[in-house]
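Structural overview
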Amino acid sequence: MGLNDVPAAGDILAALDEKTAKSIAEHRMAIQRTELIKSKKVSLDDLFSQIKAGTIKDLNIVVKADVQGSVEAVSGSLLQLNEKNEEVRVKIVHSGVGAVNESDIMLASAANALIIAFNVRPDNNARKIADSENVDVRTYRVIYDAIGDVKAAMSGLLAPKFKEVIQGRVEIRKVMKFSKALVAGSYVLEGKICNNSKVRLLRDQVEVFDGVLDSLRRFKDEVKEVSAGYECGISFVDYRDFKEGDIIEAYTMEEIKTSIDD
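Here the structure is a predicted model, which means the values were calculated and not measured.

**Things to note about the environment of Arg 121**
Note that Arg 121 resides in the loop between strand E3 (114–118) and helix H5 (124–133). Using a relative accessible area of 4% as the deciding quantity, one classes Arg 121 as buried. C-alpha separation for the pair Arg 121 and Asp 204, spaced 83 residues apart in sequence, amounts to 9.6 Å. Non-local contacts of Arg 121, meaning those with residues more than four positions away in its chain, are made with Ala 99, Val 100, Thr 139, Glu 164, Ile 166, Arg 200, Leu 202, Gln 205, Glu 207 and Glu 249.

This is how it looks when you write it as structure tokens:
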């Protein structure tokens, strides 16, 4: 009948003039492409299945790090994966120094890329946009971990069992010295912080410490948690080099349920 593609069962055939038909068809195809892009954002978790399905030939990656040397090391190591791989090619679409920002997220979204962040974190706005745009942001402190995850995902071997969940963000507003301790007088900006939270200390969006709390207090009392809008005193296990203006990210690691079907 002169159709460009085989129609699916249930499709409606409308008799129209050629100009109108083309206009409507192109509009519908544009909507379909947009929906497909939104639903098929690349992530390490399903990379292998997308490779096998033929939907990915180039693995686009945005690389961000704390210093230029790390940017070059991560980018170079990722590109070396192309030497022994014929199914998919790693392509660095952008690299730079500093925290993952909104521009990085939008670029990754447009390029269908994932973001590898080494010793840096997405800022608050970037994290929210990444969630809404379904952009996969992976953070690392060891280069070999980043390379290993990408390589494993390309080989179909990656099986993540835990997912990081941000509980809240806290700002250090005053450093207080006591006879036996150094305490961060803090204010909970959003969410909450718990006495069993894992914590990450950020200075200008660069991670300087990752560990656990030694103490969480309201006035003189030990407490289990402090919510947004309240002040608290915080000390860390084996770390004292915190400063006013530092941001504390409180988070937990949630186990992801997996099955043979997954």
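**Considering the nonpolar core**
Counting residues in each nonpolar core, the largest one holds 21 residues, and the members touching the most others are Leu 59, Ile 61, Leu 78, Ile 116 and Val 150. The element contributing the most residues to this core is helix H6 (residues 143–154), with six residues. The contact partners of Leu 78, leaving out residues within four places of it in the chain, are Ile 61, Val 63, Val 90, Ile 92, Ile 147 and Val 150. With 20 residues, the next largest nonpolar core counts Leu 182, Ile 193, Cys 232 and Phe 236 among its residues.

**Some remarks on H5**
Count 3.6 residues to each turn of an α-helix, and residues three or four apart come out pointing the same way. The complete set of buried residues in H5 reads Asn 124, Ala 126, Arg 127, Ile 129 and Ala 130. The inward-facing, buried residues of H5 contact helix H4 (102–111), strand E4 (137–140), strand E5 (162–177), strand E6 (182–194) and strand E12 (247–255). At the exit of H5 stands Asn 134, carrying a positive phi of roughly 55°.

Conventions and cut-offs
- For every chain, the first residue of the written sequence is number 1, and numbering continues from 1 onward in sequence order.
- Thresholds applied to this predicted model are a pLDDT of at least 70 for local features of residues and 80 or more for the giving and counting of side-chain atom pairs; totals over whole chains, interfaces and linings are not thresholded and use all residues.
- Hydrogen atoms and water are omitted, and side-chain values are computed over all heavy atoms in the structure.
- Put simply, DSSP marks the helices as runs of H or I at least four residues long and the strands as runs of E at least two long, and each gets a number from the N terminus on.
- For each residue, the accessible area found with a 1.4 Å probe, counting protein chains only, is set against the maximum for its type, and the residue is called buried under 20%, exposed over 50%, and partly exposed in between.
- The contact criterion used throughout is that any non-hydrogen atoms of two residues lie within 4.5 Å.
- For our purposes a nonpolar core is just a set of buried Ala, Val, Leu, Ile, Met, Phe, Trp, Tyr and Cys residues, chained together by side-chain atoms within 4.5 Å.

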